[in-house]
Amino acid sequence: METYFGDSAEISNDKSIHTNVVIIGAGPAGAASSIFLTKAGINHVIIEKATFPRDKICGDACSGKTVFVLRKANPAWVDDIFKNTDENISSHGVIFASPRGKKLTIPFNPEKTTSGQAPGFVTPRLVFDNYLFEKLASPFATIYQQSSIKSIERQAGKSVQVQFNQGATSYNLTARIIIGADGDKSYVRKALLNNNTSSKAYCVGLRAYYKGVTGLHEQNYIELHFLPELLPGYFWVFPLANGLTNVGVGMMSDKIKKKKVNLREEMLRAIKYNPNISSRFTNAALVGKIQGCGLPMFMKRQPLSGGNFLLTGDAASLIDPFTGEGIGNALFSGMLAASAVIESLKAGKYDAAFFKEKYDDVLFKRIGDELKMSLLLQKLSNYPWLFNFVVQKAHKSSTLNSALTSMFTDLDLRKQLRKPSFYAKILFNR
Ligand SMILES: Cc1cc2nc3c(=O)[nH]c(=O)nc-3n(C[C@H](O)[C@H](O)[C@H](O)COP(=O)(O)OP(=O)(O)OC[C@H]3O[C@@H](n4cnc5c(N)ncnc54)[C@H](O)[C@@H]3O)c2cc1C
C-alpha cells in the first residue's frame, strides 16, 4: 500500500480496501477527524455501525468548545446552526442549584462572544450529528454505514487490518492508522488498548424530552440541579427549540451500586416532589421514552494512543467529570487526532512514542488543566455542606458571585478552589 495523499481509498474486486486512515464511528469525534483529514487532502475510510440520521442519548447541550472547533472547520457552519432556530436554541449561561436549592447564575464567557451569537447552543443530537455527518461527503472520505466490525488486528509500527461486514458483504481493510471514535463501548479501545473504562470513571445518565416545562431562563441558561440524593451527579433541565426541554439525571455508577439507587425512580421523584422542581412540571408531558446510556468520564490521564492507533471522544473517556460535557472534547480530540495523523503520514512514523508526543501530550496540554479542575469540582460537590455554603455565600456577596463567575471561564482563578484560604476568606466575608 503506497497511497498517502491519494484521492480515495483503493477498493479491489475481492473487497480488500487499502487506505491511509480508518475511522471507526461517525459521531462528533469521528466527524471531526474526517473533516480535518479531508481539509488536508488525506484519503480515509469511515466505518459506522448505524445509519444516519441516528439518535444519541445526550443532554444535547453544546458549549464554546464545540463552537470553537466548528468555527475552525468552517465558520459558515456555526452561522447555519445559530440561524436554524426551528431546531436549535442559543444558550447564554448555566444555572447551578446547590443541594439546598439555592441557585448560582453564571453567564458563559460573555467577552468571547462574537457579534450577536451566543457562546453555546442546545440541539437535538439527531439533528446535530446528522448535520455534521452530511459534511463528511468528500472525494477523500469513503463511508460505510450499517457496518459491523468482525476483527481488528495490528502489526505494530506497520499497519492495521480491520475485517467488517456491510449487509452480506465482507471487507478486509488495511490502513496505516486507525482512529477509535466509536463511543463509550469502544471496540477499538478494547482491541488495541486492552482496557475498558473502570466503574469509578463511569457515569450513567437518563434522558427524556418533555414539553410544557415552565420557569426556564429567558436567555436559555442550562440548569444543573445538584440534588443531595444524586451527588456528585445532578438533575438537569436544558431548554430546546419548539417548547421542548431535555430533562435528565446522571450519577456515578459506583455510587448507584453502593447506595442501591434506582435512577429512573429518582428522576421521576424529583419531577413530582422536589420543592424546587415539581411546580415547573405541573403541566408538562413526557414526549417519547426515558432512555439511558453510559458516560465515560475523565478520571486520570491514561494512554490514548499506541502504535498505529489513536482514541478520541468517549472512546478516550474525555467527558468532563463535573459538567458531563463530552461533545466539545469529542470534536476537539478528533481535530487534534487528525493533525497528529497528518504529521505521522508526512514523517512515515506510526509508533507509540510518536503518537504519544503528537497526540496525547498535545491534547493534555490543551485540556488537561480544565479536566483536572473539573475533577476537583466533582470532589467538592461530594460535600453537600461545602457546596451549600459556597453557593449561599455567593448569593449574599456580589464580589464572590463575580469571582465564581470568572472561575468558570478562567482556569487560574479556578485553581483557588484548591486552597483552604479561599474558603477561609468566604467564611470571614473578605
Ligand atoms: C445521558 C447523557 C447526557 C449527556 N449530555 C451531554 C451534554 O448535554 N453535553 C455534552 O457535551 N455531552 C453530553 N453527553 C456526552 C456526549 O453524549 C458524548 O461525550 C459524545 O456523544 C461523544 O461523542 P463521540 O463521537 O465520542 O461518541 P458518540 O457520539 O457515541 O459516537 C460514536 C459513534 O460510533 C458508532 N459506533 C459505535 N460502535 C461502533 C462500532 N463497533 N463500529 C462502528 N461504529 C460504531 C456509533 O453508532 C456512533 O455513531 C451526555 C451523555 C449521556 C449518556
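Owing to the predicted nature of the structure, the values given are computational and were not obtained by experimental measurement. (Residues numbered from 1 in each chain as written. Predicted model: local features only at pLDDT ≥ 70, side-chain atom pairs only at ≥ 80, totals over all residues. Heavy atoms only, no water.)

A. Inspection of the packing of helix α8 (residues 327-347) against helix α9 (residues 352-381) at higher detail. Orientation of α8 relative to α9, taken along the N-to-C sense of each, is 155 degrees, at an axis distance of 9 Å. It follows that α8 is roughly antiparallel to α9 by the angle criterion. Here α8 and α9 pass one another in a crossing that is right-handed. Side by side, α8 and α9 meet where Asn-329, Phe-332, Ser-333, Leu-336, Ala-337, Ala-340, Glu-343, Ser-344 and Ala-347 of the first sit next to Phe-354, Phe-355, Lys-358, Tyr-359, Val-362, Leu-363, Arg-366, Ile-367, Glu-370 and Leu-371 of the second. Taken together, the residues of the contact of α8 with α9 sort by class into 12 nonpolar, three polar and four charged. (Axes fitted to C-alpha atoms, helices over the stretch in contact; angles between N-to-C directions. Helix = DSSP H or I, 4+ residues; strand = E, 2+ residues; numbered from the N terminus. Parallel < 35°, antiparallel > 145°, perpendicular 65-115°, else oblique. Left-handed = near helix turned anticlockwise from the far one by under 90°. Contact = heavy atoms within 4.5 Å. Nonpolar A, V, L, I, M, F, W, Y, C, P; charged D, E, K, R; others polar.)

B. The arrangement of the sheet that holds strand β4 (residues 61-62) in detail. One open sheet holds the three strands; their spatial order is β4-β8-β5, and the pairing between them is antiparallel. Two strands bound the open sheet, and with one partner strand each, they are β4 and β5 (89-91). The pairing of β5 with strand β8 (residues 120-122) spans three bridges and is antiparallel. When the sheet's bridge partners are listed, Ser-90 is paired in β8 with Phe-121. (Pairing = 2+ DSSP bridges.)

C. Spotlight on empty space enclosed by the protein. A full pass over the atoms with the stated rule returns two cavities of 30 Å³ or more. Along the walls of the second largest cavity sit Ala-32, Ile-35, Phe-36, Val-69, Leu-70, Ala-73, Leu-132 and Leu-331, which together make up its complete lining. Mapped by element, the contributors of at least two residues to the lining of the second largest cavity are α1 (28-39) and α2 (64-73). For the lining of the second largest cavity, a count of residues per class yields eight nonpolar, no polar and no charged. (1 Å grid on protein atoms, 1.4 Å probe; cavity = no way out; pocket = protein on both sides within 12 Å on 5 of 7 lines; lining within 4 Å. Points joined across faces, edges and corners; volume = space filled by probe spheres on them.)

D. Region of the structure containing the site of the ligand. Around the ligand lies a shell of 35 residues, among which Glu-48, Arg-54, Gly-59, Ala-61 and Asp-314 are the nearest. One of the backbone N or O atoms of Ala-29 is found 2.9 Å from an oxygen atom in the ligand. At 3.0 Å from a nitrogen atom of the ligand is found a main-chain nitrogen or oxygen belonging to Lys-49. Coverage of the ligand by the protein amounts to 93% of the 990 Å² it exposes when considered alone. (Near = heavy atom within 4 Å. Polar contact = N/O pair within 3.5 Å; in protein donor to acceptor, adjacent residues only side chain to side chain. Areas by Shrake-Rupley, 256 points an atom, 1.4 Å probe, with all protein chains shown as cover.)

E. Highlighting the pairing of strand β13 (residues 202-211). With eight of its 10 residues buried, β13 lies for the most part within the structure. Sheet topology places β13 next to strand β17 (residues 285-296); nine bridges connect them, and they run antiparallel. Bridging from a neighbouring strand, Gly-205 pairs with Cys-293 of β17. Judged from the nine bridges that link them, β13 and strand β16 (residues 244-252) form a sheet pairing that is antiparallel. (Buried < 20%, exposed > 50% of the residue type's maximum accessible area, 1.4 Å probe, protein only.)

F. Molecular detail of the confidence of the model for the protein chain. Overall, the predicted model of the protein chain reaches an average pLDDT of 89, with 85% of residues at or above 70. Overall, residues 1-7 carries pLDDT values under 50, and its contacts beyond four positions in sequence, including any with other chains, amount to 26 contacts. (pLDDT = per-residue confidence, 0-100.)

G. Quick peek at the sheet that holds β17. Strands sit in the order β7-β6-β14-β15-β16-β13-β17 across an open sheet of seven strands; the sheet is mixed. In the strand order of this sheet, the two ends are held by β7 (103-107) and β17, each with one partner. The sheet shows a mean angle of 15 degrees between the axes of neighbouring strands, direction not considered. Examined bridge by bridge, strand β6 (residues 93-97) and β7 share five bridges and lie antiparallel to one another. The residue of β7 that forms the bridge with Phe-96 is Leu-104. Relative to the sheet, helix α7 (residues 263-273) contacts β13, β15 (234-239), β16 and β17, its axis offset from that of β13 by approximately 40 degrees.

H. Seen up close, the side chain of Asn-274. Inspection of the secondary structure puts Asn-274 in the loop between α7 and β17. Setting aside residues no more than four positions away along its own chain, Asn-274 makes contact with Leu-227 and Arg-269.

I. How the structure looks around the pairing of strand β10 (residues 147-155). Note: β10 against strand β11 (residues 159-166), eight bridges, orientation antiparallel. Each residue of the ladder has a partner; that of Ile-149, found in β11, is Phe-164. Between β10 and β11, which follow one another and run antiparallel, lie three residues, and Gly-157 among them has a positive phi close to 85 degrees.

J. The arrangement of the environment of Tyr-131 in detail. Relative to the helices and strands, Tyr-131 is located in helix α4 (residues 125-134). Once the C-alpha coordinates of Tyr-131 and Pro-53 are considered, the two residues, 78 residues apart in sequence, prove to be 8.7 Å apart. Residues in contact with Tyr-131, not counting those within four places in the same chain, are Trp-77, Asp-80 and Ile-81.

K. Focus on the environment of Met-299. The topology assignment puts Met-299 in the loop between β17 and β18 (305-306). Through-space distance from the C-alpha of Met-299 to that of Ile-319 is 9.2 Å; in sequence the pair is 20 residues apart.

L. Structural view of the nonpolar core. The biggest cluster of nonpolar side chains holds 78 residues, and the ones touching the most others in it are Val-22, Val-162, Ile-178 and Leu-310. Ranked by residues supplied to this core, first place goes to α8 with 12 residues. Apart from the residues within four sequence positions on either side, Val-22 is in contact with Val-45, Ile-47, Val-162, Leu-173, Ala-175, Ile-177, Ile-178 and Ile-179. Core analysis: the second largest hydrophobic core is formed by 22 residues, Leu-231, Trp-236, Leu-380 and Phe-387 among them. (Core = buried A, V, L, I, M, F, W, Y, C linked by side-chain atoms within 4.5 Å.)

M. Highlighting unusual backbone geometry. Of note, the amide linkage connecting Phe-52 to Pro-53 takes the cis form, showing an omega dihedral of -5 degrees. Although it is not a glycine, Asn-242 sits at a positive phi angle of roughly 60 degrees. Residue placement: Asn-242 occurs in the loop between β15 and β16. By relative accessible area, which is 65% here, Asn-242 ends up exposed.

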